[in-house]
Amino acid sequence: MGVASGIRGVDRKLIEVARLYRLSNVALTRRVLLPAALPAILTGLRNGLSLAWMFMVAAELIAASKGLGYLLSDGRETSRADIVLAAIFLLAILGKISDSLMATIEKRSLAWRDSYA
Amino acid sequence: MTIALEIHVTEKRYGTRTVLRNVSLQLQEGEVVSLIGASGCGKSSLLSIASGLDQAYAGEIKLHGKPLQGVSRDIGFIFQEPRLFPWLTVAENVAFDSNNALSSQRLVTRLLAEVGLQDHAGALPKQLSGGQAQRAAIARGLFTQPRVLLLDEPFSAVDAFTRMKLQDLLLKVAYQHKLTVLLVTHDIDEALYLSDRIVLLEAGLTEFHPGPAPRKRGDLEAAKLKAAILDSLHV
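Keep in mind it's a predicted model, so treat the numbers as computed, not measured.

A short note on the overall build of chain B
On a plain count of helices and strands, chain B comes out with seven helices and ten strands. Taken over the C-alpha trace, chain B has a radius of gyration of 18 Å; the compact-globule value for 235 residues is 18 Å, and the two agree within 12%. C-alpha extents for chain B along the principal axes are approximately 50 × 40 × 35 Å. Counting across all 235 residues of chain B, residues that qualify as buried make up 52%. A separation threshold of at least 6 residues defines the contact pool for chain B, and within that pool the share at least 24 residues apart is 69%.

Structural notes on the packing of helix α3 (residues 25-62) of chain A against helix α5 (residues 81-109) of chain A
Residue and element names in this part refer to chain A. Between α3 and α5, whose axes approach to 10 Å, the crossing angle comes to 170°. Looking at the two axes, α3 sits roughly antiparallel to α5. Counted together, L38, L42, T43, L45, R46, L49, W53 and V57 of α3 and L91, L94, G95, S98, D99, M102, A103, E106 and S109 of α5 form the full contact between these two elements. Broken down by class, the residue content of the contact of α3 with α5 amounts to ten nonpolar, four polar and three charged.

What about the packing of aromatic side chains?
This model, assessed by the stated rule, comprises five aromatic pairs over all chains. Centroid distance A:W112 to B:W87: 5.7 Å. Interplanar angle 70°. Geometry classified as edge-to-face. Of the two residues, A:W112 sits in the segment after α5 while B:W87 sits in the loop between β6 (75-78) and α2 (90-94), which places them in two different chains. For the pair A:W112 and B:W87, one class covers both residues: buried.

Structural notes on the side chain of B:S104
All names here are of chain B. Secondary-structure assignment places S104 in the loop between α2 and α3 (105-114). The class of S104 is buried, set by a relative accessible area of 5%. Excluding residues that lie within four positions of it along the chain, S104 makes contacts with A95, S98 and F143.

Let's talk about the interface of chain A and chain B
Opposite the 18 residues of chain A that make contact, chain B presents 20 residues. Interface of chain A and chain B: buried area, both sides summed, is about 2,000 Å²; carbon and sulfur atoms make up 64% of it. Counting across the chain A and chain B interface gives three salt bridges. As a salt-bridge pair, B:R83 and A:E16 come within 2.6 Å of each other at their nearest N and O atoms. Taken together, the links from chain A to chain B amount to eight residue pairs in polar contact (both at pLDDT 80 or more).

Re the environment of B:R163
All names here are of chain B. Looking at the element boundaries, R163 is found in helix α5 (residues 160-176). Separated by 101 residues in sequence, R163 and K62 place their C-alpha atoms 31 Å apart. Apart from the residues within four sequence positions on either side, R163 is in contact with F155, S156, V158, D187 and E190. Among the polar contacts listed, one links the side chain of R163 to the backbone oxygen of F155, at a separation of 3.2 Å.

Description of the pattern of salt bridges
Per the counting criterion, the structure on display carries 20 salt bridges over all chains. Two residues, B:D97 and A:R22, come together in a salt bridge whose shortest N-O distance is 3.1 Å. Note that B:D97 is positioned in the loop between α2 and α3 and A:R22 in the loop between α2 (12-20) and α3, a pairing that runs across two chains. Between B:D187 and B:R163 there is a salt bridge whose closest N-O contact spans 3.7 Å. Here B:R163 lies in helix α5 and B:D187 lies in the loop between β8 (180-184) and α6 (188-194), a separation of 24 residues in the sequence.

Considerations on the sheet that holds strand β2 (residues 17-28) of chain B
Each strand in a sheet pairs with its neighbour through backbone hydrogen bonds, running either in the same direction (parallel) or in the opposite one (antiparallel). All names here are of chain B. The four strands lie next to each other as β2-β1-β4-β5, forming an open sheet whose pairing is antiparallel. The open sheet has two edge strands with one neighbour each: β2 and β5 (66-67). With ten bridges connecting them, strand β1 (residues 3-14) and β2 associate as antiparallel partners. Across the sheet, E6 pairs through a bridge with Q26, a residue of β2. Packed onto the sheet, helix α1 (residues 43-51) meets β1, β2 and β4 (58-63) and runs at close to 120° relative to β1.

Cut-off values and rules
For every chain, the first residue of its written sequence is number 1, and the numbers climb from 1 along that sequence. A letter from A marks each chain and a number from 1 marks each ligand, given out in the order of writing. In view of the model being predicted, local features appear only for residues whose pLDDT reaches at least 70, and side-chain atom pairs are presented and counted only at 80 or more, with totals across whole chains, interfaces and linings using the full set of residues. Water and hydrogen atoms play no part in the side-chain values, which are based on all heavy atoms of the structure. Here a strand is any run of E in DSSP of at least two residues, a helix any run of H or I of at least four, and the numbering for each starts at the N terminus. To get the radius of gyration, use the C-alpha atoms; to get the globule rule, take the number of residues to the power 0.38 and multiply by 2.2 Å. Think of it in three bands: residues with accessible area under 20% of the maximum for their type are buried, residues over 50% are exposed, and the middle band is partly exposed, with areas taken using a 1.4 Å probe on protein chains only. Throughout, a contact is declared for two residues whenever any of their heavy atoms are within 4.5 Å. Interaxial angle, 0 to 180 degrees, is taken between N-to-C directions of lines fitted to C-alpha atoms, where a helix line uses only the stretch in contact. Under this scheme an angle from 65 to 115 degrees is roughly perpendicular, one under 35 degrees roughly parallel, and one over 145 degrees roughly antiparallel; angles in between are oblique. For this scheme, ten residues count as nonpolar: Ala, Val, Leu, Ile, Met, Phe, Trp, Tyr, Cys and Pro. Four count as charged, namely Asp, Glu, Lys and Arg, and the remainder, Gly too, count as polar. Pairing of aromatic rings covers Phe, Tyr and the six-membered ring of Trp, with a centre-to-centre limit of 6.5 Å; geometry is then stacked below 30 degrees between planes, edge-to-face above 60, and tilted otherwise. Using a 1.4 Å probe, buried area is obtained as the accessible area two parts lose upon being combined, added over both of them. Each reported salt bridge corresponds to a side-chain nitrogen of Lys or Arg within 4 Å of a carboxyl oxygen of Asp or Glu. In protein, a polar contact means a hydrogen-donor-capable atom and an acceptor-capable atom, both N or O and within 3.5 Å, with residues adjacent in sequence counting only if both atoms are side-chain atoms; elsewhere, any N or O pair within 3.5 Å suffices. When DSSP locates at least two bridges between a pair of strands, those strands are taken to pair.

What is shown is where atoms sit, not what they do.
Structure, rendered in structure tokens:
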């Protein structure tokens, strides 16, 4: 979805410039569409990653015999608050690390963008 | 003198609206021609057709006597905005047509020196001023070493002093590269300064001849011609 909406949002004027250079569809995609859509693609990936963590835990809560979601479920059922808190803490740390990693990739890949931050 | 570009547009329509009908224009090799006219008269459409970007029209374009099929390396196009690719450096933008950056390095260096951007080859477009960005766009337009250069109001978005510098730059590169130039502009003073011939597009074509180059800005002859052009435009 991020790729599709990013490509749909590419500035028509840049495509017009690319047409002047007789680019093939493959070259147009590689040299213009994908770089221009990169901000939307990376935002989509970053959002997707945070959602992926949530859905993973939700799935483990319902049907798993190991993992963070299982720890949460198991801790609740055995009244082990320490396990529940540890699982929540671990989930937060993993989420933060993966988001920071994506933010670093985004910042480096989009250094060309003329934006506020 | 040989004819570099022949434009014959029988009809150009957008939906039911006809913007151009029976327009014929010939450009001699090395000539600088300005196309002026009121907003919506079809100047930019004519330029787009001449570039090969727009092929949805009735008529024919000939480049050095041969019918033009789509865009051509022999025709450079400079837009109103610089339209640089923001993720590429200035040098990479200039060499966008090339698949081999190394082989084109000398040409890029020369072109950047010609437009006064030799110290900005590695800069990103966001680091350039409006005038510098348009200089980079001019260098990119020259990269394919075209014989005809089309410009669509290229200096309308920059301040007056930068505009004058860019106009002089255009005259310099047109002379150095032996270019035939077709310029669309709203600025009559710009047309008078740059052009060997001014074509007014309004219910047909009316021609004005500012006299031989080099021309001075705002001299008496130019003022008289400007009055005549404004009169033709009913301003």
